[in-house]
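Residue strings, one per chain:
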Amino acid sequence: MGRRQCREADLQRKSVRTESGAFRRRRHRLSPAPGHRRAARALVYWNAADQSVTMQAPERKARLAFGSTTATVNGREVALSAPLRRAGGQVFAPLRFFAEAFGVAVAWDEAGKTAALTQAKPFVKAYDGGTLWLNRGTGDLYWAKDEQSPVLGIGRVDADFQGELTIRSSGFSGGQAVITIVDKYGGPPAHYDAYEAFIRDRTVFAQKKASYDRRFDHNVTVLPVEDGAGGWLFRTVLTDGRTATVYDETGKIAEEYDLTKLAGAEDSYSLLSIGGDYLLVRPNRTGLLTLIDLKDRSVTALAGKLLTGKDLDYALHNQVPYPGDELSFAADMGHGQLDFFYDSPLGGPYAHDRLSYFRPSYAEEQAALPKPRTVREQAAGCAPETVKAVDMQDADQLYLPLIGADPDDRAAIAKVCGMLKKFASNGVREDIPKVPDDQFFHGMSIVFAGGDGAILYETQGPMLVYGGTGGKNSLVLRDGAAVHDFEALKKLPYMDIAPNPLRFGQSAHLRGDDGDTAKNGKLAVHWTPMTGAAGSGSLTVYEGTTTYGRYDVSFPMPAYGKAEDGTLRPIAPGKGYFSLVPYTGGAPFYAEVQPAESAFLSVNGVPAADPALMPFASEGRVYVPVRAVASLSGQPVQWDPATRAVLIRTKPSEAKRGAGMRLWIDGKPAAAELQPVLRGGTAYVPVRAVTAAFGLPVAWNADSRSVNVTVPPVNAAAKAAGKA
């Protein structure tokens, strides 16, 4: 859920949303017809660097190099009838190779000039957090993280599949997931066997099978639990239709529920949601969504509480295509309020609705809640001092928030309060089309310091609507000036870097606003090369702070960036983009980084600020000033005019005058290739002398034209700034 995607009721929500609410994940299914055989459809990866194609499927891996007449299959070299060919921007391989490499039967249709490929082993394939394969004959499961990762066997499901299969997973996270396989067969009415496999450490840890007739709803498999430190723990849930088992993060059983005992009837139950003190189940026989309240042990068929008239009659008596209601869980709103989506099978202008049920077990707590303020009361008390935040959103596009504590936002917040005052004085009640509950949010959310809030959105007219749902008796405002102010407040996060192109070592001016709401936020600038460019991926090139998301800083563009593991890695010249961490909105800034005009010195990846520390290149060698060596090493370096020698841990009496300038280390003359030079009255030594004399690692990066010296952490920052 986006940072600003909310509804009126969500403003006071404090408890956890379950999988069917905010934690619902997108799933992709593959549903071959019963008995149908299809190719396993290998993962294909083209490596532009070495001009090769790698193809992977369960128990099969093949690699073909462009121009070669041989390939490797599972490490064994095989001959190709013809090499790879490129045509129309695509790479082609001999068809016969696929038949031999992947156990595929090939049938050629001469009339239609087409080839039909049939996989010998009948696999079902799905994409979710990677790629999944199921061998429907053996129940073996396989998984690959991406096209470049190996295909791993992750265990076997104990099953005897009979019909049409669908497969999906809860998404691999931390090495674990729940894979659900549904086998639909028989009928009408159809029968469903739901197999759930709990995967830990890339292997089947536990599994269960549930069976249903006529009606099947996917069971919840993830239970989010607050960890007490502002974060979440995701526990795993498996059910066989009669019991539900909750596994903690270590794989131990944390809770087990006897659904038949709790619901009071022998049946097979779909488990649609699980909370801290309730379960939502659907009995297979009645199909009526049922609340099991663990707080007072009550059992409630929700259709009788939420539906009326023909909709209730349909839920209680309809049998085609299956019995029951069309209620689905939306969210736990806190304080005993559960919200549900309802899609009426009878149609009508308000067929899709969001309904709330208030649990009687929370009656006392609900009675103690503060009474919601009216629009007039909110408008009367609205001021920059009483507004905590104002957020605006159009689907996945988040605009810059307004923060009540930020003095720069007070004028804009005053305009928001002006809209509320117009609603209070000029708003009228009208019936307007209802906003679908499954639609992304488009509008403005206002959060007051007292904890309540309001939702405004724009619709055709043009006009503004108070509340996030629309529908009957909505409060609307037809005011052109208010609509104009509403649109003017939509400001996108932005970033600007100048100059562009930017040279290594050159000062970059970075300014922008990332939408962060913290007064003192973290600013981490990342550089990521474009696809195909050399380099080390996304690297941190600057760190600082933001003020309510705003930043205006300057920094020299380094030739090295910090990787996730903390190591310094070189940045290759070329095109790429800058982005921020944490990243809350806006688009990356595309730029180009070019080699420096002349060599420059970096200390631990940070360009030196003092011009006097700049190196130079001559006759294939790079030299750094003696002053820089002394500053970085913290060791004494002396110039002796009598002997024209640079002395490092050497007394003048130990040095002897020779031809030209000399470098003396520990009382001995250095090798000829380490001899210093005099330029503009400043003595320079080759970069190799830095390591030879002081043990400081030094590297010359010809691509960026930088000399990087690695210095121990103590005083490294000061040395990098040229202040030592």
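Look a little higher up for the structure.
Residues numbered from 1 in each chain as written. Predicted model: local features only at pLDDT ≥ 70, side-chain atom pairs only at ≥ 80, totals over all residues. Heavy atoms only, no water.

### Comments concerning the packing of aromatic side chains
Here is step 1: Using the criterion set out here, one finds 15 aromatic pairs in the structure.
Here is step 2: Ring geometry for Tyr192 and Phe216: centres 5.7 Å apart, planes at 20°, overall stacked. Pair noted here: Tyr192 is in strand β16 (residues 191-200) and Phe216 is in the loop between β17 (203-213) and β18 (222-226), with a separation of 24 residues, a long-range link. Here Tyr192 matches Phe216 in class, with each residue buried. (Phe/Tyr/Trp six-rings, centres within 6.5 Å; stacked < 30°, edge-to-face > 60°. Helix = DSSP H or I, 4+ residues; strand = E, 2+ residues; numbered from the N terminus. Buried < 20%, exposed > 50% of the residue type's maximum accessible area, 1.4 Å probe, protein only.)

### Quick look at a nonpolar patch on the surface
Here is step 1: Taken together, Trp46, Phe66 and Val91 make up a surface patch of nonpolar side chains, about 220 Å² in accessible area.
Here is step 2: Position of Trp46 relative to the elements: it lies in strand β1 (residues 43-47).
Here is step 3: Residue classification places Trp46 among the partly exposed residues on the basis of a relative accessible area of 30%. (Patch = residues over 30% accessible without salt bridge, like charges linked within 9 Å, V, L, I, M, F, W, Y side chains within 5 Å. Areas by Shrake-Rupley, 256 points an atom, 1.4 Å probe, with all protein chains shown as cover. Salt bridge = Lys/Arg side-chain N within 4 Å of Asp/Glu carboxyl O.)

### A short note on unusual backbone geometry
Here is step 1: Pro189 follows Pro188 through a cis peptide bond whose omega is -5°.
Here is step 2: Topologically, Pro189 is positioned in the loop between β15 (176-185) and β16.
Here is step 3: Omega for the peptide link from Val320 to Pro321 comes to 0°, which places this bond in the cis form.
Here is step 4: Within the element layout of this structure, Pro321 appears in the loop between α4 (309-317) and β26 (327-334).
Here is step 5: For Arg644, which is not glycine, the phi dihedral falls at a positive 50°.
Here is step 6: With respect to the helices and strands, the residue Arg644 is situated in the loop between β51 (637-640) and β52 (645-648).
Here is step 7: Arg644 gets classed as partly exposed once you look at its relative accessible area, which sits at 31%.

### Describing the nonpolar core
Here is step 1: One finds Met444, Ile446 and Leu456 to be the most contacted residues of the largest nonpolar core, which totals 29 residues.
Here is step 2: Take this core: its biggest share by element is 8 residues, from helix α7 (residues 410-426).
Here is step 3: Once residues lying within four places of it in the same chain are set aside, the contact partners of Leu456 are Met419, Leu420, Phe423, Gly443, Met444, Ile446, Val465, Tyr466 and Phe486.
Here is step 4: In this structure, Leu601, Ala608, Ile648 and Leu674 belong to the second largest nonpolar core, which totals 28 residues. (Core = buried A, V, L, I, M, F, W, Y, C linked by side-chain atoms within 4.5 Å. Contact = heavy atoms within 4.5 Å.)

### So, the sheet that holds strand β10 (residues 123-127)
Here is step 1: In space, the 4 strands of this open sheet follow the order β10-β11-β12-β13, with antiparallel pairing throughout. Either end of the sheet is taken by a strand with one partner, and the two such strands are β10 and β13 (152-156). Averaged over all pairs of adjacent strands, the angle between their axes in this sheet comes to 20°, without regard to strand direction.
Here is step 2: Taken together, the 4 bridges between strand β12 (residues 140-144) and β13 define a ladder with antiparallel strand orientation. Residue Asp140 lies in a different strand from β13, and its bridge partner there is Arg156. (Pairing = 2+ DSSP bridges. Axes fitted to C-alpha atoms, helices over the stretch in contact; angles between N-to-C directions.)

### Some details on the pattern of salt bridges
Here is step 1: Counted under the stated rule, the structure contains 23 salt bridges.
Here is step 2: In this structure, the salt-bridge partner of Glu249 is Arg235, at a minimum N-O distance of 3.1 Å. With a gap of 14 residues between them, Glu249 in the loop between β20 (243-247) and β21 (253-258) and Arg235 in strand β19 (residues 232-239) connect regions that are remote in the sequence.
Here is step 3: Taking relative accessible area as the criterion, Glu249 reaches 31% and is therefore assigned partly exposed.

### Some words on the side chain of Thr540
Here is step 1: Examined against the element boundaries, Thr540 turns out to sit in strand β41 (residues 539-546).
Here is step 2: One polar contact links Thr540 to His526, side chain to side chain, over a distance of 2.8 Å.
Here is step 3: With near-sequence residues (within four places) excluded, Thr540 lies in contact with Val525, His526, Gly561 and Lys562. (Polar contact = N/O pair within 3.5 Å; in protein donor to acceptor, adjacent residues only side chain to side chain.)

### As for the sheet that holds strand β48 (residues 606-607)
Here is step 1: Read across the sheet, 4 strands follow the order β48-β47-β58-β57 without closing on themselves; strand pairing throughout is mixed. A single partner strand is all that each edge strand has here, and the edge strands are β48 and β57 (698-701).
Here is step 2: The pairing of strand β47 (residues 600-603) with β48 spans 2 bridges and is classified as antiparallel. Note on β48: the bridge partner recorded for Ser602 is Pro607.

### Structural notes on the environment of Ala331
Here is step 1: Within the secondary structure, Ala331 is located in strand β26.
Here is step 2: Residue classification places Ala331 among the buried positions, given a relative accessible area of 1%.
Here is step 3: Counting along the chain gives 10 residues from Ala331 to Phe341, while the straight-line C-alpha distance between them is 9.3 Å.

### What to know about the packing of α7 against helix α8 (residues 480-488)
Here is step 1: Across the interface, α7 lies against α8 with an axial gap of 10 Å and an inter-helix angle of 145°. Here the hand of the crossing between α7 and α8 comes out left-handed. Seen from α7, the contacting residues are Lys415, Met419 and Lys422; seen from α8, they are Ala481, Ala482, Asp485 and Phe486.
Here is step 2: A breakdown of the residues in the contact of α7 with α8 according to their chemical character gives 4 nonpolar, no polar and 3 charged. (Left-handed = near helix turned anticlockwise from the far one by under 90°. Nonpolar A, V, L, I, M, F, W, Y, C, P; charged D, E, K, R; others polar.)

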